[in-house]
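Descriptive analysis of the structure
One-letter residues, chain by chain:
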Amino acid sequence: TQLVAGLNRLARNLWWTWDQEAQELFQELSPRSWQNLYHNGVAILHEVSEYELRVRLQEPDFAEHVRHVLKDFDDYLHDQHTWGRQHASALQKNPVAYFSAEFGFHETLPIAAGGLGILAGDHAKSASDLDLGFVGISLFYREGYFQQAIDANNWQTEFYSQLRPKNLPLEPVLDAQGEPLVCTVEIGMSAARFHAWRAKVGRVPVYLLDANRPENEQHFRDLTLRVYGGDSTTRIMQEILLGMGGVRLLRSLGLLPSTFHMNEGHAAFLVFELIREKMAAGKTFAEALAATKSECVFTTHTPVEAGHDRFSPDLMEYALQRFRAHARVPFADLMKLGRVKPANEHEAFCMTVLALKC
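Below is a summary of the structure that appears in this document. Please read these numbers as outputs of a predicted model, since none were measured by experiment. (Residues numbered from 1 in each chain as written. Predicted model: local features only at pLDDT ≥ 70, side-chain atom pairs only at ≥ 80, totals over all residues. Heavy atoms only, no water.)

Let us look at the packing of helix H12 (residues 270-280) against helix H13 (residues 285-293). Running from amino to carboxyl end, H12 crosses H13 at an angle of 130 degrees, the nearest separation of the two axes being 9 Å. Considering the angle they form, H12 stands oblique to H13. Between H12 and H13 the crossing geometry is right-handed. Contacts from Val 271, Leu 274, Ile 275, Lys 278 and Met 279 in H12 reach Phe 285, Ala 288, Leu 289, Ala 291 and Thr 292 in H13. (Axes fitted to C-alpha atoms, helices over the stretch in contact; angles between N-to-C directions. Helix = DSSP H or I, 4+ residues; strand = E, 2+ residues; numbered from the N terminus. Parallel < 35°, antiparallel > 145°, perpendicular 65-115°, else oblique. Left-handed = near helix turned anticlockwise from the far one by under 90°. Contact = heavy atoms within 4.5 Å.)

It is worth spelling out H13 at this point. Along H13, the residues classified as buried are Phe 285, Ala 288, Leu 289 and Thr 292. Along the axis of H13, the buried positions cluster into a sector of 100 degrees, meaning they face one direction only. As for H13, its buried residues are in contact with H12, strand S10 (296-299) and helix H16 (331-336). (Buried < 20%, exposed > 50% of the residue type's maximum accessible area, 1.4 Å probe, protein only. Arc of directions from axis to C-beta.)

On to a negative patch on the surface, then. Together, Glu 21, Glu 24, Glu 28 and Asp 61 give the surface a local cluster of negative charge. No other element matches the three residues that helix H2 (residues 20-29) contributes to the negative patch. (Patch = residues over 30% accessible without salt bridge, like charges linked within 9 Å, V, L, I, M, F, W, Y side chains within 5 Å. Areas by Shrake-Rupley, 256 points an atom, 1.4 Å probe, with all protein chains shown as cover. Salt bridge = Lys/Arg side-chain N within 4 Å of Asp/Glu carboxyl O. Lys, Arg positive; Asp, Glu negative; His and termini not counted. Charge placed at Lys NZ, Arg CZ, Asp CG, Glu CD.)

The two faces of a sheet get side chains in turn, since along a regular strand they alternate between them. Note: strand S3 (residues 147-150) against strand S4 (residues 156-159), four bridges, orientation antiparallel. By the bridge assignment for S4, Gln 148 is matched with Glu 158. Here S3 folds back onto S4 in antiparallel fashion, the turn holding five residues, of which Asn 154 has a positive phi close to 65 degrees. (Pairing = 2+ DSSP bridges.)

Right under this line is the structure:
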């Protein structure tokens, strides 16, 4: 029973995706499922019956392999003599919150489009290896990123598959009553509600926001449909959900990050939420902006034209209507933060400029 419980715990932590012996263990358990189910440890444990698993665990060699991997896993998770504990102990209490529109971990969780996501995934793994206080924030795209195939005419075609959380290394984020923790973010004239999934990446959690809730309008539900899907309106709404919604989720979890790291400009709306919080506590806009700058870090991965999200003044005014009413910030002041030439009222709002200035 202990070994069965241990295997289920192991499958739900992405640590196994970078440990060769752990991967071999799942492959050994069901070679065909390993091949057909995108090398997915959770799905394999669902495919193999409990009786079959117990029979396999009667085999001395396999049982010894399982014990050896589980010991390595537990040693990794519970090591007290880590770099992070010795040199960055303050981050255990006040972690770095690392926001990215994509995280590339493994083919079982296709919520990344390319290099930016791989970078974010490597950041999470490195933070785990060092045992840094680190929390990742992203979106759970239920159709993920497309897969490619070659059709009968030798053309590339792409197709999407529905991701099912129960078959993935994810767990729902629950409140004190054991119900899904639900948060709200204002977008346009409405409010979108969202819950979240927790991916365990070794020692660190990455939270994936999910707006696919029955009470939401369909266009809000589809904000977490596909990586970088849709037009500018969809994109600005996705980025409000990621940035502002991500901060609200952290607060609901009782987390007080010391640093907010924006990996690319997609998450930069988080600064608006931090400014709103500080103004609600009595600070002026200028004071709130200065205090927000002191806790934000920005790195850009794609400093080419296509990598800079730009939104028209009209779209900004529409998307931030209710937020502005709550935050009591003049629209002109917000727009200046996203412009190279703040006085130019015709210049589009650039997320990269916002991230740089904040």
